[in-house]
Amino acid sequence: MAVEAAERPPSMPPSRRPRGHGTGRERPAGGLELWSWLFMRISGVVLLFLAVGHVLIMHVLDGGVSRVNFGFVAVRWQSPVWRTWDWALLVLALIHGINGLRVIVQDYVKWPSARFAVNMLFYVVGFGLFALGTVVVFTFDPSKWPGAS
Amino acid sequence: MAKRKTDLGTLYRGSPGQWSWIAHRVTGVAIILFLFAHVVDTAVVGWGPDAYNRVVAVYHNWFVRLLELGLVAAVLYHAINGVKIMVFDFWPGSTRYMKQLSIASTGLFLLAMVPITWIMGRDILNLSLGWNL
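All figures in this text were calculated on a predicted structure; none of them were measured in a lab.

For the rest of this paragraph, the subject is the overall build of chain B. Helix and strand counts for chain B come out as four helices and two strands. The secondary structure elements of chain B, listed N-terminal to C-terminal, are β-β-α-α-α-α. For chain B, contacts bridging at least 24 residues in sequence account for 54% of all contacts bridging at least 6. Of the roughly 7,900 Å² that chain B leaves accessible, carbon and sulfur atoms contribute 70%.

Here it is in structure tokens:
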């Protein structure tokens, strides 16, 4: 099992389901990789609503991005529901996306130090953006700029 | 396997699932790279109306709108194909209907893109060519 896993990129579907049939990554046998596999699917279902809903509301319907400005955000973030939605989307999309990058890096970056460096870069960027987004979503107060909205 | 002789030689066409595997990766990477930029541009709202309105003015450019249409397509494709992957994962018997499910999910994506392309494409044409659709 361990030998097999080392020889084949983890994301490659198993031999009885050869790559080329639209299946996802083979379910790992256990450990952290199994949790990662499961997380991608659970967060995927949640993001199906959070991300697709966000994209339709903000980019397609009712004028899309052309109506977005400071005043729009000020009104929208009066509601704790939208603040929570946007924060949940931020967190899940970052973890889902960066874990996806990690899986892709496993396939294409073979040299261990380079793999470590590339992954660390993504983790640091991800954590920085998580911190920045979290602070802004929860501390934004448009009353600091009276008359703007 | 899926090779076809043409006048130009042999063309490797792959299989539908192989293309969806590649498309899932490409759309995923595109979305996360956009997200990196998008968190920063949204965070500027914390620096007040002058700064934020200047940043979102980028989205009034027609070419950026074209990229935005691509982003919406990427999110939608990744979402629908992701559901297909989960169906195969959690209901192994469904792999017997792989071809049908692949056609159905691709069809659903293309069908959803028709009204979206119309709605967003109208804005792109208005901004780029000065039309009033």
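Residues shown with low pLDDT carry predicted positions that ought not to be read at fine detail. Residue and element names in this part refer to chain A. Residues at a pLDDT of 70 or more form 83% of chain A, whose mean pLDDT is 85. Averaged pLDDT values for the elements of chain A fall to 44 in helix α1 (residues 2–7) and rise to 96 in helix α5 (residues 112–139). Throughout residues 1–8 the model reports pLDDT below 50, and contacts reaching past four residues in sequence, or to other chains, amount to five contacts. Counted against residues more than four places away or in other chains, residues 14–20, with its pLDDT under 50, gives 14 contacts.

On to the interface of chain B and chain A, then. Taken residue by residue, the interface counts 44 residues in chain B and 47 residues in chain A. Here chain B packs against chain A, burying approximately 3,800 Å² in sum over the two surfaces, 76% of which is carbon and sulfur. Contact with chain A buries area across many residues of chain B, yet B:W21, B:R25 and B:F36 alone supply 16% of it, more than any other trio. For the side of chain B that touches chain A, the secondary-structure elements that each account for two or more residues are α1 (16–43), α2 (49–56), α3 (62–90) and α4 (98–129) of chain B. Partitioning the side of chain B that touches chain A into residue classes produces 27 nonpolar, 11 polar and six charged.

Attention now goes to the packing of α1(B) against α3(B). Residue and element names in this part refer to chain B. Contact geometry of α1 with α3 gives a least axis separation of 9 Å together with a crossing angle of 130 degrees. One way to sum up the angle between α1 and α3 is to call them oblique. You can see that α1 and α3 cross each other, and the crossing is left-handed. On α3, the residues touching S20, A23, H24, T27, G28, I31 and F34 of α1 are L71, A74, V75, Y77, H78, N81, G82, K84 and I85. Classifying every residue of the contact of α1 with α3 gives eight nonpolar, seven polar and one charged.

What counts and how
- Residues numbered from 1 in each chain as written.
- Chains lettered and ligands numbered in written order.
- Predicted model: local features only at pLDDT ≥ 70, side-chain atom pairs only at ≥ 80, totals over all residues.
- Heavy atoms only, no water.
- Helix = DSSP H or I, 4+ residues; strand = E, 2+ residues; numbered from the N terminus.
- Contact = heavy atoms within 4.5 Å.
- Areas by Shrake-Rupley, 256 points an atom, 1.4 Å probe, with all protein chains shown as cover.
- pLDDT = per-residue confidence, 0-100.
- Buried area = accessible area lost by both parts, 1.4 Å probe.
- Nonpolar A, V, L, I, M, F, W, Y, C, P; charged D, E, K, R; others polar.
- Axes fitted to C-alpha atoms, helices over the stretch in contact; angles between N-to-C directions.
- Parallel < 35°, antiparallel > 145°, perpendicular 65-115°, else oblique.
- Left-handed = near helix turned anticlockwise from the far one by under 90°.

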